Amino acid sequence: MSATEIETLIRAGFPEAMLVRVIDEVGDNNHFGALVVAPAFAGRTLVERHQLVYASLKGAMADRVHALAIKTYTPEEWERLCDA
């Protein structure tokens with residue numbers, strides 16, 4: 001599975017996301033990093049946010065992706081980070 005395929009699945013799961021980026025962290029199509037900025041994360045714990053991202057991958061974590069480092073932010077959190 002490629003970073004582009006993962007990004008496509010996440011975007012489909014979060015159509016309101018203002019930012020979705022996925023990178024292949026070591027170049028092996030197995031270890032990825034994802035950044036997702038979406039209003040759906042408001043009021044949710046870190047675990048709940050990650051569960052939402054995993055759900056958008058429709059089972060790919062079971063056998064097609066070895067590792068995915070996830071960073072999730074609401075638009076307001078992201079704006080504060082960018083302004084810092």
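Residues numbered from 1 in each chain as written. Predicted model: local features only at pLDDT ≥ 70, side-chain atom pairs only at ≥ 80, totals over all residues. Heavy atoms only, no water.

**Student:** Looking at this structure, I do not really get the nonpolar core. What am I missing?
**Tutor:** Note that soluble globular proteins tend to have their nonpolar side chains buried in a common cluster. Counting 19 residues, the largest nonpolar core has Ile6, Ile10, Phe14 and Val36 as the members making the most contacts within it. If you list the elements that add at least two residues to this core, you get helix H1 (3-13), strand E1 (19-24), strand E2 (31-37) and strand E3 (67-73). Ignoring sequence-local partners within four residues, the contact set of valine 36 consists of Ile10, Phe14, Leu19, Val20, Phe41, Val53, Lys71, Thr72 and Tyr73. (Core = buried A, V, L, I, M, F, W, Y, C linked by side-chain atoms within 4.5 Å. Buried < 20%, exposed > 50% of the residue type's maximum accessible area, 1.4 Å probe, protein only. Helix = DSSP H or I, 4+ residues; strand = E, 2+ residues; numbered from the N terminus. Contact = heavy atoms within 4.5 Å.)

**Student:** What should I look at first to understand the pattern of salt bridges in this one?
**Tutor:** For side chains bearing opposite charge, pairing can occur when the charged atoms are close. Per the stated rule, a full pass over the model turns up two salt bridges. Salt-bridge contacts for glutamate 77 lead to arginine 49; the nearest nitrogen and oxygen are separated by 3.0 Å. Within this pair, whereas glutamate 77 is found in helix H4 (residues 75-83), its partner arginine 49 is found in helix H2 (residues 46-56), the two being separated by 28 residues in sequence. The class for arginine 49 is buried, based on a relative accessible area of 8%. (Salt bridge = Lys/Arg side-chain N within 4 Å of Asp/Glu carboxyl O.)

**Student:** Explain the sheet that holds E3 here, please?
**Tutor:** Either a parallel or an antiparallel arrangement is found when strands of a sheet pair, and the pairing is made through backbone hydrogen bonds. Read across the open sheet, the three strands follow the order E1-E2-E3; overall the sheet is mixed. The outermost strands of the open sheet, each flanked by one partner alone, are E1 and E3. Averaged over all adjacent pairs, the angle separating strand axes in this sheet is 10°, with direction ignored. Relative to E2, E1 is paired through six bridges, and the arrangement is antiparallel. Following the sheet pairing, valine 20 is matched in E2 by valine 36. Strand contacts of H1: E1 and E2, with the helix running at about 155° to E1, the strand carrying the most contacts. Seen against the sheet, H2 touches E2 and E3 and runs at an angle of roughly 120° to E3. (Pairing = 2+ DSSP bridges. Axes fitted to C-alpha atoms, helices over the stretch in contact; angles between N-to-C directions.)

As far as function goes, none of this settles anything; it's purely spatial.
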